[in-house]
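# Remarks on the overall topology
The lines below spell out each chain.
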Amino acid sequence: MTRPSTENDYAERMVEIRHEEGLHMRPAMQFVDCANNFESQISVQKDTQIVDAKSIMQVTMLAATRGTILKCTARGRDAREAVETLAKILEEGIPPDKGQEKSKEKGPKPP
Amino acid sequence: MEIIKGIGVSPGVAICTAVVIDAEEYRVPRRSVPPGQIRKEVQRLRQALLDATREVTNLQITQADLWDSRIKDIFAVHLHFLRDRTLRGQIADLIKKEKFTAEYAVSVILRDVARHFSQTPDTYISERVSDIYDIERRLLRHLIGSRREDLEHLTEPVVVVAHDLTPTQTAAFDKKYINGIATNAGGRTSHTAIVARSLGIPAVVALNEATAKAAAGDTVIVDGDRGTFVVNPDVQTVKEYQRYADAFIEHEHELDELVHLPAVTKDGQKITLLGNIEFPYEAEIALQKGGEGVGLYRTEYLYLDADHEPTEEDHYQAYMETLRRLGHGQITIRTVDLGADKFTQQRRISPERNPFLGLRSIRYCLQNLPLFTRQIRAILRASVHGEVKILFPLVTNLMELRQAKWIVANIKEDLEEQGIEYDDGIPIGIMIETPAAALTADDLADEVDFFSIGTNDLIQYTLAVDRVNENVAWLYSPGHPAVLQLIKRIYQSAKRAKIDVTVCGEMASEIEYVPILLGLGLTTLSLAPPRIPEIKKVVRSVTMAQCRRLARKALSFDTDKQTINLIRSEMESILGKG
């Protein structure tokens, strides 16, 4: 993330949502959390609707279901990495062990 | 001039300037602020977001291993929205651009989001609308809750006009300046009514449109006796009410003379009059008004009034202060009767569909043992400093009672081990406030030291009437034959088991019903302290023979109308003579 090269300033990619639930609340939260880890400005576009990838409100408002094609764009130092990571999330869904916060899983299991 | 009819729930007359507050959480009026106040509104928004975030985070922590992951997700959704910079920016921009109040801006933006959600064909997303409303409500609670400052910093007398008042709001009342209360919602036994009576503030409720008719700064009249609310009265009307108000004060003074006289019927039956209180300072008022102690100490305020859950020490300090103010005399502490209110509902994901039949009172306590334990420990510790009794609310079966008693026994053992003093013989009683408890009172009586009849809930559950619902409130009647028969039965069970029985509902403070209660055999009444003199006057005006005859007749009637007519005519002649 510390490579200061100019070619990383802008990145975009078309992605098809493969996640079974689409961008429902839980996947959307994970998506937004991930986006917030990047410095770049990131946006997601569905048809003519362009929203901020870091805003849960806006991402949920896209109501993007499985099969929707989204355009993911990022501008900033870590633009390319951001787009790649987010695209991966949309395409592959979030692996269950990665998406959950591990610390919480340590709590006692319900009977 | 406009006159609106409502229900008078606390006697007296107030003629004053109106302060209109928006306690209604779901409809925030469009209201703008002067340009100079915009920064303050943005600051209020920020604070509310901060408070709401902290609140949800706390809930998430305390319930981390209690609930399933779907529920954890909901907390997470709330947190994500509360932290959403775009959302926060939109609300702040609206405040700045349109000069809206923070609450109105929150409402506009979140409703917009909700509308957007609900129009989505994807049902999963459209169902998330309820989350958005929930977030809106949470923010509004913080914003409007903080509005009580308006009521805290009064410098002149006012009448408070509101949709309804929450315990948080009434707890902040400064009696010196609040001369009257008028609300759109409510009934005789709603929260506002109880608090108004206990503070001795004239109040009219169920006005439907009080907040629509009265604007801040209008002169208004609250007539708590006749249940009327007058907006912008003419000079003549003000004069009439002024005369009436003066006469009322005179009557009060007359009653004050009864304070030091015993509560004894004409034929010598001693009646014990106690006070129902919610705040420690009211113990003093109970004594001043001629009460002999506290028959019902409601402890919900410890929860509803504070921004944190009360600790054992908070409980203990409140009980000790009450005992101190009481000086002598008995005090019956009811364990928290929470449910369907701010405290429990904020801890829920979705409101209960039927909260009065839901997780409330003793049920809530038995499912939240750490909370229950803190209170019981505090009561036991206080029990060595006075004549303290424990009262469990809403017991509906023997198992609940046994479980609660078992918990008390366990805590006693803990205290014993820790070398902390308590009264081992502390009396334990239960509220009889459901038909189930009334009908099985024989069995329950064998396992408790006393009964307390909570007529408000007993009537509500027996007649299946929500006493706060204006549309059916008229069906709520203490004179209903079913209610009278249950009370008689409860008394007989108590008598058979030789245990004490107190009546602590509103019924015990109503002139018409007190003679019937006496006639049914009940000789201990616990009521709002300001009502004690009036009821003492009734007690001193009747004979037990009269009361027994009245009760017998009332029990033979098949409609409450007959009972009410009988009492009205009898009481007129009795009090006329007395």
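Quick summary incoming for the structure in this document. (Residues numbered from 1 in each chain as written. Chains lettered and ligands numbered in written order. Predicted model: local features only at pLDDT ≥ 70, side-chain atom pairs only at ≥ 80, totals over all residues. Heavy atoms only, no water.)

### With respect to the packing of helix 14 (residues 312-326) of chain B against helix 17 (residues 369-382) of chain B
Pairs of packed helices are described in terms of their axes, by the angle between the two and the distance that separates them. Residue and element names in this part refer to chain B. Our working definition: In this analysis, axes come from line fits to C-alpha atoms, helices being fitted only over the stretch in contact, and the angle between any two N-to-C directions falls in the range 0 to 180 degrees. Helical segments are the DSSP runs of H or I of at least four residues, strand segments are the runs of E of at least two, and each set is numbered from the N terminus. Should the near helix be turned anticlockwise from the far one by less than a right angle, the crossing is termed left-handed; should it be turned clockwise, right-handed. Note on contacts: a residue pair is in contact if any heavy atoms of the two residues lie within 4.5 Å.
Their axes nearest at 8 Å, the elements helix 14 and helix 17 cross at an angle of 35 degrees. Seen from above, helix 14 lies across helix 17 with right-handed handedness. Each of E312, E313, H315, Y316, Y319, M320 and L323 in helix 14 lies in contact with helix 17, whose residues at this interface are R374, Q375, R377, A378, I379, R381 and A382.

### Overview of the state of the cysteines
What counts here: Two cysteine sulfur atoms make up a disulfide if the distance between them is within 2.5 Å.
If you walk through the whole model with that rule in mind, you get 0 disulfides over all chains. Between C72(A), a free cysteine, and C34(A), which holds the nearest cysteine sulfur, the sulfur-to-sulfur gap is 9.6 Å.

### Remarks on the packing of helix 1 (residues 25-36) of chain A against helix 3 (residues 79-92) of chain A
Residues and elements named next belong to chain A. As a reminder, the rule being used: An angle below 35 degrees is read as roughly parallel, one above 145 as roughly antiparallel, one from 65 to 115 as roughly perpendicular, and any other as oblique. Following the grouping adopted for this structure description, the nonpolar residues are Ala, Val, Leu, Ile, Met, Phe, Trp, Tyr, Cys and Pro, the charged ones are Asp, Glu, Lys and Arg, and the polar ones are all others, Gly among them.
At a closest axis distance of 10 Å, the pairing of helix 1 and helix 3 adopts a crossing angle of 170 degrees. Here helix 1 is positioned roughly antiparallel relative to helix 3, judged by the angle of their axes. Residues F31, C34 and A35 of helix 1 touch helix 3, and the partners they reach there are T85, L86, I89 and L90. The class makeup of the residues in the contact of helix 1 with helix 3 is 6 nonpolar, 1 polar and no charged.

### Brief notes about the sheet that holds strand 4 (residues 158-162) of chain B
All names here are of chain B. Our working definition: What makes two strands pair is DSSP finding at least two bridges between them.
A sheet is described by the order of its strands in space; here 8 strands give the open sequence 1-8-7-3-4-5-6-2, paired in mixed fashion. Pairing within the sheet leaves two strands with one partner each, and these edge strands are strand 1 (2-5) and strand 2 (7-10). The sheet shows a mean angle of 30 degrees between the axes of neighbouring strands, taken without regard to direction. Both strand 3 (residues 13-21) and strand 4 contribute to a ladder of 5 bridges, which runs parallel. Bridge pairing in strand 4 links V20 to V161. Helix-sheet contacts for helix 11 (residues 235-256) involve strand 3, strand 7 (219-223) and strand 8 (228-231), and the interaxial angle to strand 3 is about 115 degrees.

### Let's talk about a negative patch on the surface
To keep things clear, this is the line we draw: Like charges are joined within 9 Å and nonpolar side chains (Val, Leu, Ile, Met, Phe, Trp, Tyr) within 5 Å, but only among residues with over 30% relative accessible area and no salt bridge; these make up the patches. Per-residue accessibility takes into account occlusion by the displayed protein chains alone, with areas from the Shrake-Rupley method and a 1.4 Å probe. For salt bridges, the criterion is a side-chain nitrogen of Lys or Arg within 4 Å of an Asp or Glu carboxyl oxygen. For the charge count, each Lys or Arg is scored as positive and each Asp or Glu as negative, with His and the chain ends excluded. Just so you know, the charge point we use is NZ for Lys, CZ for Arg, CG for Asp and CD for Glu.
A cluster of acidic side chains, namely D246(B), E250(B), E254(B) and E257(B), defines a negative patch on the protein surface. By secondary structure assignment, the location of D246(B) is in helix 11.

### Let's talk about the packing of aromatic side chains
Residue and element names in this part refer to chain B. Cut-off, in case you're wondering: A pair of Phe, Tyr and Trp rings is counted when the ring centres sit within 6.5 Å of each other, with Trp represented by its six-membered ring. The angle between the planes then sorts it: under 30 degrees is stacked, over 60 is edge-to-face, the rest tilted. Here's how the labels work: a residue is buried when its accessible area is under 20% of the maximum for its type, exposed when over 50%, partly exposed in between, all with a 1.4 Å probe on protein chains only. Any Lys NZ or Arg CZ that is within 6 Å of a ring centre and within 35 degrees of that ring's normal is treated as a charge sitting over the ring.
Scanning the model with the defined rule gives 4 aromatic pairs over all chains in all. Look at F279 and Y281: their rings are 5.7 Å apart centre to centre, the planes differ by 10 degrees, and that puts the pair in the stacked class. A relative accessible area of 14% places F279 in the buried class. Here Y281 falls in the partly exposed class, since its relative accessible area comes to 25%. Aromatic pair Y297 and Y319: ring centres 5.8 Å apart, planes at 85 degrees, arrangement edge-to-face. Taken together, the positions of Y297 in strand 10 (residues 294-298) and Y319 in helix 14 put the pair 22 residues apart, joining distant regions of the chain. Y319 matches Y297 in its accessibility class, with the two residues each being buried. Its end group placed over the ring of Y244, R226 keeps NZ or CZ at 4.2 Å from the ring centre. Against the face of Y316 rests R381, its NZ or CZ located 4.0 Å from the ring centre.

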